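Topology and contacts: notes
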Amino acid sequence: MNLDLQHHFAQALPELHIPWRGLNFPEPALVIYNDHLADELGLPERPDPMITARLLSGMETPPAAQPVAQAYAGHQFGQFVPRLGDGRALLLGELATPTGELKDLHLKGSGPTPFARGGDGRAVLGPMLREYLMGEAMHALGIPTTRALAVVLTGERVFRPGAYQPGAVLARIAASHIRVGTFQYAAVHHGPELVGRVAEFTIGRHDPDLLEQPEKDRYRQFFQRVVERQLRLISQWMAVGFVHGVMNSDNTTLSGETIDYGPCAFMEAHHPQTVFSSIDHQGRYAYGNQPRIIQWNLARLAETLLPLFDADSEAAHQWAEEQVATIPQRFQARWQETLRAKLGLRTLQARDEQLTQEFLEVCTQEAMDHTLAFRRLADAVAGDDTVLLGLARDPRSPALTAWLRRWRQRLDKEPTMPPKERAAVLRRINPAYIPRNHLVEAALEAATAGDLQPFQRLLAVVRAPFEEREADAEYLQPAPEDFGPYRTTCGT
Ligand code: AMP
Ligand code: MG
């Protein structure tokens, strides 16, 4: 495999990285390679596995490559940590896609860097495959995300609480790895001059059309774009029941892509307070809190950009405060638009917000599976309510029956459409398959023991989430009762 890497980040922002190399691993072996993604990147499909394993574990770098560990700060659970950075990761460089876009090629688990803060710099197979699977599922659901190009075993055994695990490296592709924490690092360690250069770099990468704007408008519009991307992202997450689990400011990208699939999971029974992460005791990153948290993270970004918004600090503050204050209502508009589409409503009518809200309340009250509750609306539209009612705690639920009646009355006010067609529209927007927690765990356990087959099968299912297939019936179902409450860890 010939990696033709560019090094724009490394060259433009030397203050924000440390040149570094990966470890020399005993026995690198390619576990899985993403041919779909490779094709989009213009990389070879089915490359030589030995060479690929050496390159994508970081132990060998292309001749002129300049791998770096990126510096960033971040608020972790609300606490500011001025120096985080890539403790176990490297940016190998940027790849130009056939359409001329730049993508970061990044490795996670390639060994400790000066940012490791006492960590071992390693990653293990289960969590890296988890990130691979989740990224592919999100991509198939149409949600912006970083994606895995490959997972490589290193040949090491790595100690993690409980047991030794197979060491692994994940090769990740991202629109960029610039995070809110990148701006925070620049602001706290260097000041406005560097923040300005990071902003220029980020705009050049993600919003190049803004470079033509006068400076003051440029940065204000840039902030607005980032806000829009993040609000859209969070509403897309919530539409599919996704709980990110660790929305620290260092895990919030400027590109609007989902990043860092640590303790994330898809909610089954709908409940706004759903939390999976075993360390999120206060529910800070609960399903229904995600809009508030993104507002908080975007406020942290705005703080770093103040000198760019206006030379007059008071005017800058005032503008930023107004912008941040409007985030909840802007999110609400996005979210309502998303929910209306999920209910099959194309027009906007008075009381729609009440209708969408009531559906979520019934889902909560009846502990309905989030994915199936929306999916089975298509059956209800086609005349069969029983499958939807069957998801409720009480299959004769008066609240759900009444809601269905109101929903039908509301659908009557939509432009007419044959029920079959409306059902098909709903099935294109409400997925049947998500990565079910019990299946993810079983697949990762088998993979860690050397059997990749269940993982491959699950991956194939979540890559085609909108068409229901008889052969994949078991992939539709929520976890059995005896699976118990699901708890995830940060997966280091
Ligand atoms: P994350 O939870 O993956 O977003 O990581 C938070 C921070 O911890 C980042 O700075 C990581 O580089 C660092 N980190 C996580 N695990 C390790 C590890 N095993 N060794 C060194 N640094 C780590
Ligand atoms: Mg992170």
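Each chain has its residues counted from 1, running along the sequence as written. All chains are assigned letters beginning at A, and all ligands numbers beginning at 1, according to the order in which they are written. Confidence filtering applies because this is a predicted model: local features only for residues at pLDDT of at least 70, side-chain atom pairs given and counted only at 80 or more, and all residues used for totals across whole chains, interfaces and linings. Only hydrogens and water are removed before side-chain values are computed, so all heavy atoms of the structure are retained for them.

1. Examining the pattern of salt bridges
Rules: What makes a salt bridge here is a side-chain nitrogen of Lys or Arg within 4 Å of a carboxyl oxygen of Asp or Glu, nothing more. Only DSSP runs of H or I with at least four residues qualify as helices, and only runs of E with at least two residues qualify as strands; both kinds are numbered from the N terminus onward. Each residue is placed in one exposure class: buried if its accessible area under a 1.4 Å probe, protein chains only, is under 20% of its type's maximum, exposed if it is over 50%, and partly exposed if it falls in between.
Within the structure shown, the criterion is met by 36 salt bridges. Close ionic contact of arginine 160 with aspartate 120 constitutes a salt bridge, the shortest N to O distance being 2.7 Å. Taken together, the positions of arginine 160 in strand S10 (residues 147-160) and aspartate 120 in the loop between strand S8 (102-108) and strand S9 (123-124) put the pair 40 residues apart, joining distant regions of the chain. Here arginine 160 falls in the buried class, since its relative accessible area comes to 11%. When its relative accessible area of 31% is taken as the criterion, aspartate 120 is described as partly exposed. The salt bridge involving arginine 220 is made with aspartate 310; its shortest N-O contact spans 3.2 Å. Taken together, the positions of arginine 220 in helix H7 (residues 215-239) and aspartate 310 in the loop between helix H8 (290-309) and helix H9 (313-325) put the pair 90 residues apart, joining distant regions of the chain. For arginine 220, a relative accessible area of 16% gives the class buried.

2. Observations regarding the side chain of asparagine 437
To keep things clear, this is the line we draw: Throughout, a residue-residue contact means that at least one pair of heavy atoms, one from each residue, lies within 4.5 Å.
Position of asparagine 437 among the secondary structure elements: in helix H17 (residues 437-448). Take asparagine 437: its relative accessible area is 3%, and that puts it in the buried class. Every residue in contact with asparagine 437, bar those within four places of it in the chain, is listed here: Ala265, Phe266, Glu268, Phe276, Phe483 and Tyr486.

3. So, the coordination of the magnesium ion (ligand 2)
Going by this rule: Only nitrogen, oxygen and sulfur atoms within 2.8 Å of the metal, or 3.2 Å for Na, K and Ca, are treated as donors, and water is left out, so sites may look incomplete.
For the magnesium ion (ligand 2), the full set of protein donor atoms is Asn251 (OD1) and Asp260 (OD), at a range of 1.9 to 2.2 Å. There is no split in this pair, since asparagine 251 and aspartate 260 are both buried.

4. So, the environment of alanine 12
Secondary-structure assignment places alanine 12 in helix H1 (residues 8-12). The spatial distance from the C-alpha of alanine 12 to the C-alpha of cysteine 264 is 33 Å, given a sequence separation of 252 residues. Ignoring any residue separated from it by four or fewer positions in sequence, one finds alanine 12 in contact with Arg197 and Phe201.

5. Remarks on the site of ligand 1
To be explicit about the condition: Neighbouring residues are identified by heavy atoms, a residue being near a molecule or strand if any of them is within 4 Å of it. Throughout this description, a polar contact denotes any pair of N or O atoms lying within 3.5 Å of each other; where both atoms belong to protein, one of them has to be capable of donating a hydrogen while the other can accept it, and for residues adjacent in sequence the pair is counted only when both atoms sit in side chains. Accessible areas in this description were obtained via Shrake-Rupley with a 1.4 Å probe; residue shielding takes into account the shown protein chains only. Each residue is assigned to one of three groups, with Ala, Val, Leu, Ile, Met, Phe, Trp, Tyr, Cys and Pro labelled nonpolar, Asp, Glu, Lys and Arg labelled charged, and all others, Gly among them, labelled polar.
In the region of ligand 1, 17 residues are neighbours, and Gly85, Gly87, Asp120, Gly121 and Asp260 sit closest. Between glycine 121 and ligand 1, the recorded distance is 2.8 Å, taken from a backbone N or O atom to a nitrogen atom. Taken by itself ligand 1 offers 490 Å² of open surface, and the protein chains cover 85% of this. Residues of the shell around ligand 1, tallied by class, amount to three nonpolar, seven polar and seven charged.

6. Some thoughts on helix H15 (residues 398-411)
To keep things clear, this is the line we draw: Under the convention used throughout, the expected extent of a helix is 1.5 Å for every residue step, that is, one less than its residue count.
For H15, built from 14 residues, the straight-helix expectation of 20 Å at 1.5 Å per residue is met to within 8% by its first-to-last C-alpha distance of 20 Å. On its buried side, H15 packs onto helix H11 (352-365), helix H13 (377-381), helix H14 (386-389) and helix H16 (419-429).

7. A look at the domain arrangement of the protein
As a reminder of what qualifies: Domain start and stop points were drawn from an automatic or database domain assignment. The term buried area refers to how much accessible surface (probe radius 1.4 Å) is lost by two components on association, counted for both of them together.
Its domain assignment divides the protein into domain 1 (5-174) and domain 2 (180-335). The centre of domain 1, based on its C-alpha atoms, is set 23 Å off from the matching centre of domain 2. Contacts between domain 1 and domain 2 engage 37 residues on the former and 38 residues on the latter. For the domain 1 and domain 2 pair, buried surface summed over both sides reaches about 3200 Å², with 62% attributable to carbon and sulfur atoms. Counting the surface domain 1 buries against domain 2, the share from its top three residues, Glu15, His75 and Phe77, is 21%.

8. Details of the packing of aromatic side chains
As a reminder, the rule being used: Only centres within 6.5 Å qualify two rings of Phe, Tyr or Trp (six-membered ring in Trp) as a pair; their planes then separate them into stacked at under 30 degrees, edge-to-face at over 60, and tilted for everything else. Both a distance and an angle decide whether a charge sits over a ring: NZ of Lys or CZ of Arg must be within 6 Å of the ring centre and within 35 degrees of the ring normal.
Here the structure, examined in full by the defined rule, presents 17 aromatic pairs. When the centroid spacing of 6.1 Å and the interplanar angle of 70° are considered together, the rings of phenylalanine 242 and tyrosine 261 count as edge-to-face. With a gap of 19 residues between them, phenylalanine 242 in strand S12 (residues 242-243) and tyrosine 261 in the loop between S12 and strand S13 (265-266) connect regions that are remote in the sequence. Pair check on accessibility: phenylalanine 242 and tyrosine 261 agree, each one buried. Each ring, one from phenylalanine 483 and one from tyrosine 486, has its centre 5.6 Å from the other, and the planes form 35°; the classification is tilted. According to the relative accessible area criterion, phenylalanine 483 is partly exposed, its value standing at 28%. An aromatic cluster is built from Trp237, Phe242, Tyr261 and Phe266, whose rings are joined through pairwise contacts. Sitting over the ring of tryptophan 296, arginine 284 keeps its end group 4.9 Å from the ring centre.

9. A few points about H7
The periodicity of an α-helix, 3.6 residues per turn, causes residues three or four positions apart to be oriented the same way. If you check H7, its first and last C-alpha atoms are 36 Å apart, about what 25 residues at 1.5 Å a residue would give, namely 36 Å. Of the residues one or two after H7, glycine 241 is the one with positive phi, at around 80°.

10. What about the nonpolar core?
The tendency in soluble globular proteins is for nonpolar side chains to be buried side by side. Where we set the bar: The criterion is simple. A nonpolar core is a set of buried Ala, Val, Leu, Ile, Met, Phe, Trp, Tyr and Cys residues joined through side-chain atoms within 4.5 Å.
Ranked by internal contacts, the top residues of the largest apolar core, which has 124 residues, are Val151, Phe183, Phe309, Trp407 and Phe455. Taken together, domain 1 (5-174) and domain 2 (180-335) each give at least three residues to this core, which thus spans both. Filtering out sequence-adjacent residues up to four positions away, phenylalanine 183 remains in contact with Ile178, Val195, Val198, Ala199, Thr202, Phe222, Leu254, Leu301, Thr304 and Leu305. Ranked by size, the runner-up nonpolar core spans 24 residues in total, among them Tyr33, Ala38, Leu107 and Ile173.

11. Observations regarding the packing of H7 against H8
Just so we agree on the cut-off: Geometry is summarised by axes, namely lines fitted to C-alpha atoms with helices restricted to the contacting stretch, and by angles between N-to-C directions that run from 0 to 180 degrees. Should an angle fall under 35 degrees it is taken as roughly parallel, and over 145 as roughly antiparallel, whereas 65 to 115 is taken as roughly perpendicular and any remaining angle as oblique.
Contact geometry for H7 and H8: axes closest at 11 Å, N-to-C directions at 170°. As summarised for this structure, H7 and H8 are arranged roughly antiparallel, according to the angle between their axes. Residue-level contacts link Lys216, Tyr219, Arg220, Phe223, Val226, Val227, Gln230, Leu231, Ile234, Trp237 and Met238 of H7 to Gln290, Pro291, Ile294, Leu298, Leu301, Ala302, Leu305, Leu308 and Phe309 of H8.

12. Focus: the packing of H11 against H15
Let me state the cut-off plainly: A clockwise turn of the near helix away from the far one marks a right-handed crossing, whereas an anticlockwise turn of less than a right angle marks a left-handed crossing.
Close contact between H11 and H15 brings their axes to 10 Å; oriented N to C, the two are set at 155°. Here H11 lies roughly antiparallel to H15, going by the angle between them. The crossing of H11 and H15 is left-handed. From H11, Asp352, Leu355, Glu358, Phe359, Val362 and Gln365 reach across to H15, where they touch Ala399, Leu400, Trp403, Arg406, Trp407 and Arg410. A per-class count over the contact of H11 with H15 returns seven nonpolar, one polar and four charged.

13. Quick look at unusual backbone geometry
Even without glycine at this site, arginine 117 takes up a positive phi of about 50°. With a relative accessible area of 57%, arginine 117 lands in the exposed category. Not every positive phi belongs to a glycine, and aspartate 260 is a case in point at roughly 65°. By the element assignment, aspartate 260 lies in the loop between S12 and S13.

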